[in-house]
Amino acid sequence: MKLTSNRTRENSANTEGRSIHPATDEAAESSNVPVESAADDRRHFIKRAARLATLGTTVAAAPLARGNTIPDSWQTPGADFSNYGQPRSAIDSPIRWVSADRSVPGDGVSWTPLHALEGTITPNGLHFERHHNGVPFVDPARWQLTIHGKVDRALAFSLDTLHRYPMVSRTTFIECGGNSNSLWHPNPSQAPSGYVHGLVSCSEWTGVPLSILLDEAGIDIKAGWLIADGYDASGVAVSLPMKKILDDTLIALYQNGEPVRPENGYPARLLVPGWEGIVNIKWLRSLRVSDKPLMSRFDTVSYTDLQKDGSFERFSFEMGIKSLITSPTAGDKLSQRGFHQISGLAWTGNGKVSRVEVSVDNGASWTDAQLQQPVLDKSLTRFRLPWSWDGSPVKLKSRAYDSSGQSQPDRDSLLTERGTNMYYHYNAVVIFSINSDGLVRHAYS
Ligand SMILES: Nc1nc2c(c(=O)[nH]1)N[C@H]1C(S)=C(S)[C@@H](COP(=O)(O)O)O[C@H]1N2
Ligand SMILES: [Mo]
């Protein structure tokens, strides 16, 4: 699409308001290829033919109309500078939707509007939120993090101290274990994708590897667990295996280059790449080294998976392979046949997304989507596929694969394998049906 608008701009400069249609006006195109050799010319022609084949015969741009082209914005100076930038409009910029339980203050979520965003990085103001008892006020001057329990030296870190340690950055997603959980239910939600699947966000996190601090404290090598809690009044405390902690866990201080936002855990949060949201403790307060898990409510009741046979699976930390189309999304209406770009996100808690296939005929055939490069470990991965809609009813879906050999299950196989008692870890293939009026809906088959 960008291709088309560039072409229009170039041509309009050379053809002085002549009405052109980029897809059909051969003359305007060739007169716009100035000093190239015949071979260049031919290469150019073949490339253009290939691009048009990708776009289909109908592209979306309107023919350039004659008339006054002086923009209104040329008539006055622009708006003033600001100390901190805001989105363009409070009315129609993408927003988080909030789903909160009014009977339990501070308990709830807000959703990243995945369907309204592009690329892979979530803007800080749109990172999803999950609080069990609201966002605590934390005074950075009084904040301290303690490391204690089975260690040689119990330690306390102020924020200033922590800033003196070596830091690393890594781009990774955080996903709530309960993301997409409405899809365990028999009727598919018709909300836009972000408000069904948007308890996942992706940021470049910067902070201190926790292994450095644990080395300084001197941990008992037989102590296999770390118990973490935060400064909020929620009582959230989780037990984490030491192996993962020493492998890649960070104390994150920055989120996309600026200090971690209050709602995401200011001044410091635990970042446990690829593992379910709950273990990424916010407003971090205490890290206790232990030889056994705490068996807190969050280790035993919440964030455990009720199996078909009625038993509970505990410590199911890793987030599975998942993908979904974010554009188009439920509630959209395709107003025209012809070219549309299918765009979506894939991610896995185990390695990298290696491949995403898209089907536009409900699974009869599949095409590899393009993956936006670079594909990063445990990170949101953007996929795109140009598509031409012929106006007939269709079903679109995506299926992802990762470097550890996992592939995304379809809904039937997920339900057969896991049963219907589950609440967390829903990762089945997502289907969108489009009817002949262009209306897009979520579908289960
Ligand atoms: N201290 C504390 N940490 C917490 C929580 C909380 O309520 N309190 N919620 C957890 C859950 S369930 C999730 S999914 C993530 C959400 O992180 P975010 O709000 O930055 O998206 O934080 C986790 N860390
Ligand atoms: Mo969560």
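**Q** Which residues make up the pairing of strand β10 (residues 250-255), and what are the values?
**A** Buried residues dominate β10, accounting for five of its six residues. For strand β7 (residues 200-209) and β10, the ladder comprises five bridges, and the chain directions are antiparallel. Bridging across to β10, Pro209 finds its partner in Leu250. As defined by bridge partners, β10 adjoins strand β11 (residues 258-259) across two bridges and the pair is classed as antiparallel. Its bridge partner lying in β11, Tyr254 is registered against Pro259.

**Q** Explain the site of ligand 1 residue by residue, including any values.
**A** Every one of the 20 residues lining ligand 1 counts as a neighbour, but Phe128, His132, Asp232, Arg269 and Lys282 are closest to it. One of the backbone nitrogen or oxygen atoms of Arg130 is found 3.0 Å away from an oxygen atom of ligand 1. Relative to its unbound accessible surface of 530 Å², ligand 1 loses 100% to contact with the protein. Per-element tally for the shell around ligand 1: the top contributor is strand β3 (residues 129-131), with three residues. Looking at side-chain class alone, the shell around ligand 1 contains seven nonpolar, seven polar and six charged residues.

**Q** Hey, could you go over the sheet that holds strand β23 (residues 431-434) for me, with residue numbers and the actual values?
**A** Read from one edge of the open sheet, five strands run β19-β18-β22-β23-β24, paired in antiparallel fashion. Each edge of the sheet is formed by a strand with only one pairing partner; in this case those strands are β19 (367-368) and β24 (440-443). Both strand β18 (residues 353-359) and strand β22 (residues 394-402) contribute to a ladder of six bridges, which runs antiparallel. Paired with Val356 across the strands is Ala400, a residue of β22.

**Q** Help me get a handle on the sheet that holds strand β9 (residues 237-241), residues and values and all.
**A** Across the sheet, five strands lie side by side as β5-β4-β13-β8-β9; this open sheet has mixed pairing. Strands at the two margins of the open sheet, each flanked by one partner only, are β5 (155-158) and β9. Neighbour-to-neighbour, the strand axes of the sheet open up by a mean angle of 20°, direction not taken into account. Judged from the four bridges that link them, strand β4 (residues 144-149) and β5 form a sheet pairing that is antiparallel. Bridging from a neighbouring strand, Gln144 pairs with Ser158 of β5.

**Q** So what's going on with the side chain of Lys397? Residues and values would help.
**A** As for its placement among the helices and strands, Lys397 is situated in strand β22. An unpaired buried charge is present at Lys397: no salt bridge exists, and Asp410, the closest side chain of opposite charge, is 6.4 Å distant. Polar side-chain contacts of Lys397 include one of 3.3 Å to the side chain of Asn362. Residues within four places of Lys397 in sequence aside, it is in contact with Ile325, Glu357, Val358, Ser359, Asn362, Gly363, Trp366, Val429, Val430 and Ile431.

**Q** Before we move on, could you go through the environment of Met167 and cite the residues and values that matter?
**A** As for its position among the elements, Met167 is in the loop between α4 (159-162) and β6 (168-175). Relative accessible area serves as the criterion here: at 29%, Met167 is assigned to the partly exposed category. Apart from residues lying up to four places away in sequence, Met167 is in contact with Leu162, Thr206, Gly207, Val208, Leu253 and Tyr254.

**Q** Summarise the confidence of the model for the protein chain; cite the residues concerned and give the values.
**A** When the pLDDT values of the protein chain are averaged, the result is 89; 88% of them are 70 or greater. In this model, residues 1-36 is a region of pLDDT below 50 whose contacts with residues beyond four sequence positions or in other chains number 47 contacts.

Analysis parameters
- Residues numbered from 1 in each chain as written.
- Chains lettered and ligands numbered in written order.
- Predicted model: local features only at pLDDT ≥ 70, side-chain atom pairs only at ≥ 80, totals over all residues.
- Heavy atoms only, no water.
- Buried < 20%, exposed > 50% of the residue type's maximum accessible area, 1.4 Å probe, protein only.
- Helix = DSSP H or I, 4+ residues; strand = E, 2+ residues; numbered from the N terminus.
- Pairing = 2+ DSSP bridges.
- Near = heavy atom within 4 Å.
- Polar contact = N/O pair within 3.5 Å; in protein donor to acceptor, adjacent residues only side chain to side chain.
- Areas by Shrake-Rupley, 256 points an atom, 1.4 Å probe, with all protein chains shown as cover.
- Nonpolar A, V, L, I, M, F, W, Y, C, P; charged D, E, K, R; others polar.
- Axes fitted to C-alpha atoms, helices over the stretch in contact; angles between N-to-C directions.
- Lys, Arg positive; Asp, Glu negative; His and termini not counted.
- Salt bridge = Lys/Arg side-chain N within 4 Å of Asp/Glu carboxyl O.
- Contact = heavy atoms within 4.5 Å.
- pLDDT = per-residue confidence, 0-100.

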